[in-house]
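# A closer look at the structure
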Amino acid sequence: NRVDQRCIDAVGLLLACSGRIIVTGIGKSGHIGNKIAATFASTGSPAHFVHAAEASHGDMGMLQSGDVVIAISYSGSSDELLKLVPGIKRLALPLVVLSGMPESALARAADVFLDVSVDREACPLGLAPTASTTCTLVMGDALAVALLHARGFSADDFARSHPGGRLGRQLLLHVSDVMICGNDMP
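Residues numbered from 1 in each chain as written. Predicted model: local features only at pLDDT ≥ 70, side-chain atom pairs only at ≥ 80, totals over all residues. Heavy atoms only, no water.

## Section: the pairing of strand S1 (residues 21-25)
Most of S1 is tucked away, with five of its five residues classed as buried. In S1, alternate side chains face the same way, and those of Ile21, Val23 and Gly25 on one face and Ile22 and Thr24 on the other are all buried. Pairing of S1 with strand S2 (residues 47-51), which is carried by five bridges, proceeds in the parallel orientation. Paired with Ile21 across the strands is Ala47, a residue of S2. After leaving S1, the chain enters helix H2 (residues 27-42) and then returns to the sheet as S2, a path that is right-handed. (Buried < 20%, exposed > 50% of the residue type's maximum accessible area, 1.4 Å probe, protein only. Helix = DSSP H or I, 4+ residues; strand = E, 2+ residues; numbered from the N terminus. Pairing = 2+ DSSP bridges. Right-handed = clockwise from strand over helix to strand, strands pointing away.)

What follows is the structure in structure tokens.
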């Protein structure tokens, strides 16, 4: 029930991105953001992860015209992310926020807010980000897959992004690449 018009709007912003998708977060949200950026990049949507704390100490210089920013913070009140909002707005970059708190300052600053709230964490203490990080990862993967589909990203495109692994060998390696011919044959 959360895959709604807001998701369509977010995909539209990401699809129209003429630069890169910049994903940012801190703590566990940062770890999830790093994985989401890697998924975008390996599925045809140029993306980078920028650590929110490092961004306020110079890495904001990585952002440029044409980029779209995805900010991840379950609370929507992480100081490190909130400090980035004025700079993002000055650059006139679209801001997509993944948060569990729709009324948070970060959610209110978003061009598109995506709700990744959970009823409770899987952690028996109810404290460690567990269910919420999973929900955020699912939303990020859903965005990446929607973009992959919208761009017509193929198995051959995927192989070009993964030349070193089993998938790359399976999709890119041809018999002619390893075949010994003519005078080279024993």
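## Some words on the side chain of Ser104
On the secondary structure map, Ser104 appears in the loop between strand S4 (95-99) and helix H6 (105-109). Given the relative accessible area of 8%, Ser104 is considered buried. Here Met101 takes part through its backbone oxygen, which lies 2.9 Å from a polar atom of the side chain of Ser104. Dropping the residues within four chain positions of it, Ser104 is found in contact with Ser75, Gly76 and Ser99. (Polar contact = N/O pair within 3.5 Å; in protein donor to acceptor, adjacent residues only side chain to side chain. Contact = heavy atoms within 4.5 Å.)

This is a description of form; function is not addressed.
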